[in-house]
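Here is how the chains run, residue by residue.
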Amino acid sequence: MKKLLDKLNYKRQCWLAVGIVLFCFILAGLTGWNKASNVGWVLAGLLFIVHPLVPESIKWRYAGDEKRMARDARIAGAVVILVGLITKFGV
């Protein structure tokens with residue numbers, strides 16, 4: 001698992017998160033289980049909490065402070081999870 005996460009860069013991780021959310025929206029549409037779309041948002045947020053990444057283009061703002069970069073990526077992941085928990089997506 002660690003080796004798989006090492007191959008992820010920010011762009012790939014974003015596409016993976018979008019893929020997870022889209023898959024869960026399609027699953028919700030096909031099965032009628034509306035909570036599947038919320039589960040997709042939660043999984044996408046967990047991805048950024050477990051493996052925090054920031055884009056290469058803004059790393060200069062952090063001046064090499066890896067802890068702040070990871071903290072901010074985890075905060076963004078928590079916001080995505082919060083959106084998934086409090087929003088009701090109707091399918």
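Residues numbered from 1 in each chain as written. Predicted model: local features only at pLDDT ≥ 70, side-chain atom pairs only at ≥ 80, totals over all residues. Heavy atoms only, no water.

Now for the overall build of the protein chain. The secondary structure content of the protein chain amounts to four helices and zero strands. In sequence order, the secondary structure elements of the protein chain are arranged as α-α-α-α. Scored against the burial criterion, the 91 residues of the protein chain give a buried share of 29%. Considering only contacts in the protein chain between residues 6 or more positions apart, those separated by 24 or more positions represent 64%. Accessible area of the protein chain: about 6,400 Å², with a carbon and sulfur share of 69%. A gap of 8 Å separates the mean positions of the 13 positive and 5 negative side-chain charges of the protein chain. (Helix = DSSP H or I, 4+ residues; strand = E, 2+ residues; numbered from the N terminus. Buried < 20%, exposed > 50% of the residue type's maximum accessible area, 1.4 Å probe, protein only. Contact = heavy atoms within 4.5 Å. Areas by Shrake-Rupley, 256 points an atom, 1.4 Å probe, with all protein chains shown as cover. Lys, Arg positive; Asp, Glu negative; His and termini not counted. Charge placed at Lys NZ, Arg CZ, Asp CG, Glu CD.)

Turning next to helix H2 (residues 10-31). Relative to the 32 Å expected for 22 residues at 1.5 Å per residue, H2 spans 31 Å between its end C-alpha atoms, a close match to the ideal helical length. On its buried face, H2 is in contact with helix H3 (35-50). (Expected span 1.5 Å × (residues − 1).)

With that out of the way, let us pick up the layout of surface pockets. If you add up the space inside the largest pocket, you get close to 200 Å³. In this structure, the largest pocket is lined by Tyr10, Cys14, Ala17, Ala44, Phe48, Leu53, Val54, Asp72, Ala73, Ala76, Gly77 and Val80. Of all the secondary-structure elements, those providing two or more residues to the lining of the largest pocket are H2, H3 and helix H4 (66-86). If you tally residues by element for the lining of the largest pocket, the top one is H4, at five residues. When its residues are assigned to classes, the lining of the largest pocket shows 10 nonpolar, one polar and one charged. (1 Å grid on protein atoms, 1.4 Å probe; cavity = no way out; pocket = protein on both sides within 12 Å on 5 of 7 lines; lining within 4 Å. Points joined across faces, edges and corners; volume = space filled by probe spheres on them. Nonpolar A, V, L, I, M, F, W, Y, C, P; charged D, E, K, R; others polar.)

By secondary structure assignment, the location of Ile20 is in helix H2. For the pair formed by Ile20 and Val42, sequence separation is 22 residues and the distance between their alpha carbons is 9.8 Å.

Note on placement: His51 falls in the loop between H3 and H4. A relative accessible area of 14% means that His51 is categorised as buried. Of note is the side chain of His51, whose polar atom sits 2.8 Å from the side chain of Gln13. (Polar contact = N/O pair within 3.5 Å; in protein donor to acceptor, adjacent residues only side chain to side chain.)

Of all hydrophobic cores here, the largest spans five residues; its members are Ala17, Val21, Ala44, Leu47 and Phe48. Counting residues per element, this core draws most heavily on H3, at three residues. Each residue touching Phe48, except ones within four places of it in the same chain, is listed here: Tyr10, Gln13, Cys14, Ala17, Leu53, Ala73, Arg74 and Gly77. (Core = buried A, V, L, I, M, F, W, Y, C linked by side-chain atoms within 4.5 Å.)

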